[in-house]
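So you can see what is in the structure, the chains are spelled out below.
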Amino acid sequence: MNGPSVSVVICAYTEDRWEDILAAVASVRAQSRPALETLLVVDHNQALLERLAREYKEHRESGEVRVLANAGPRGLSAGRNTGIAASSGEIIAFLDDDAVAERDWLRWFAEGYADPRVMAVGGRTVPVWASGRRPAWFPEEFDWVVGCAYKGLPGGVARVRNVLGGNASFRRAAFDAAGGFATGIGRDGDKHPLGCEETELCIRLTRARPDAILLLDDRAVIHHRVPGARERFGYFRARTYAEGLSKALVARSVGVGKGLESERRYTTRVLPAGVARGLRDALLGRRGGAGRAGAIVAGVTAAAGGYVVGSVRARRGDVTFSVGGIPAGAGGEGGSS
């Protein structure tokens, strides 16, 4: 097989996603460009760890699918760091546990690393709505709320400031240069649905390696399940507020200039255009237009409020985060019975 070897890390935390986890692993095993290995990292859930170890027992000796325990504190960042430490590939790809990858997903990722300066390649994440279709009021500009690609991202293959963590890959050298994912920024059991850990890492990476190139290739597609609870406005509001909290920590870590560089264009160009489209659709009597315009305004307001609160907390030292090291000897294999 030509090109770099690729390890895939899938982080899981709940048995409620059992069928989704199996589907995610199956989609990796069906890739046109085979993965070197799939690492299932379980976040402090012994029952799930043991159940997955039994499920993939026959693949453990071959190393095709390995089940590991998160070796760090509870949360997605530490789980990813555990997977990085245990992996063997030149490239480490990350797939959400409630997503399935299209057949050529890894092929497009691997091709992106032909240039040795490329340190990360991300892909396009498409929502799969539990209700069967997008809620009429839900603006495409805010699809990041449900972990998906959103209107405003570049198309084709393009350089970006950061990749999106649920559908991303990194050269191993990226972690050698910048360390791992920071704990305390992203999802770690906090009551708020936080994020931005991949943004902070990517900015830290380009500081450590100024020549680094980060790409988005929209041919590397995954399909991400959106449960019914996340189709509701209450979740939308909570997630946008949490994004503001997270962005405040990112700005604290890497500075306001880099931390909010992409957000400035998004809020001054992409979102006003979205409001205008929504209002136009409302005037034309099209379904959901007014709701989309209102949701954009509400989302910006909630995110701004979260950013202010997060900035105050960060200055007071009420919240902390640490740059993720890659734990040595991470993630012992799950037992089986």
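Residues numbered from 1 in each chain as written. Predicted model: local features only at pLDDT ≥ 70, side-chain atom pairs only at ≥ 80, totals over all residues. Heavy atoms only, no water.

Caption draft 1: Geometry of the pattern of salt bridges. Per the counting criterion, the structure on display carries 20 salt bridges. Among the ionic pairs, Arg225 bridges to Asp20, the shortest N-O distance being 2.8 Å. With Arg225 in strand β9 (residues 213–226) and Asp20 in helix α1 (residues 18–29), the pair connects residues that are 205 residues apart, well separated along the chain. Residue class for Arg225 comes out partly exposed when judged on its relative accessible area of 45%. In this structure, the salt-bridge partner of Arg292 is Asp281, at a minimum N-O distance of 2.7 Å. Here Asp281 lies in helix α10 (residues 261–283) and Arg292 lies in helix α11 (residues 289–316), a separation of 11 residues in the sequence. Its relative accessible area of 9% is what places Asp281 among the buried residues. (Salt bridge = Lys/Arg side-chain N within 4 Å of Asp/Glu carboxyl O. Helix = DSSP H or I, 4+ residues; strand = E, 2+ residues; numbered from the N terminus. Buried < 20%, exposed > 50% of the residue type's maximum accessible area, 1.4 Å probe, protein only.)

Caption draft 2: Highlighting the environment of Val42. Inspection of the secondary structure assignment puts Val42 in strand β2 (residues 37–42). Its relative accessible area of 2% is what places Val42 among the buried residues. For the pair Val42 and Asn70, spaced 28 residues apart in sequence, the C-alpha to C-alpha distance is 5.7 Å. Look past the residues within four positions of Val42 in its chain and what remains in contact with it is Ala12, Leu48, Leu49, Leu52, Val67, Leu68, Ala69 and Asn70. (Contact = heavy atoms within 4.5 Å.)

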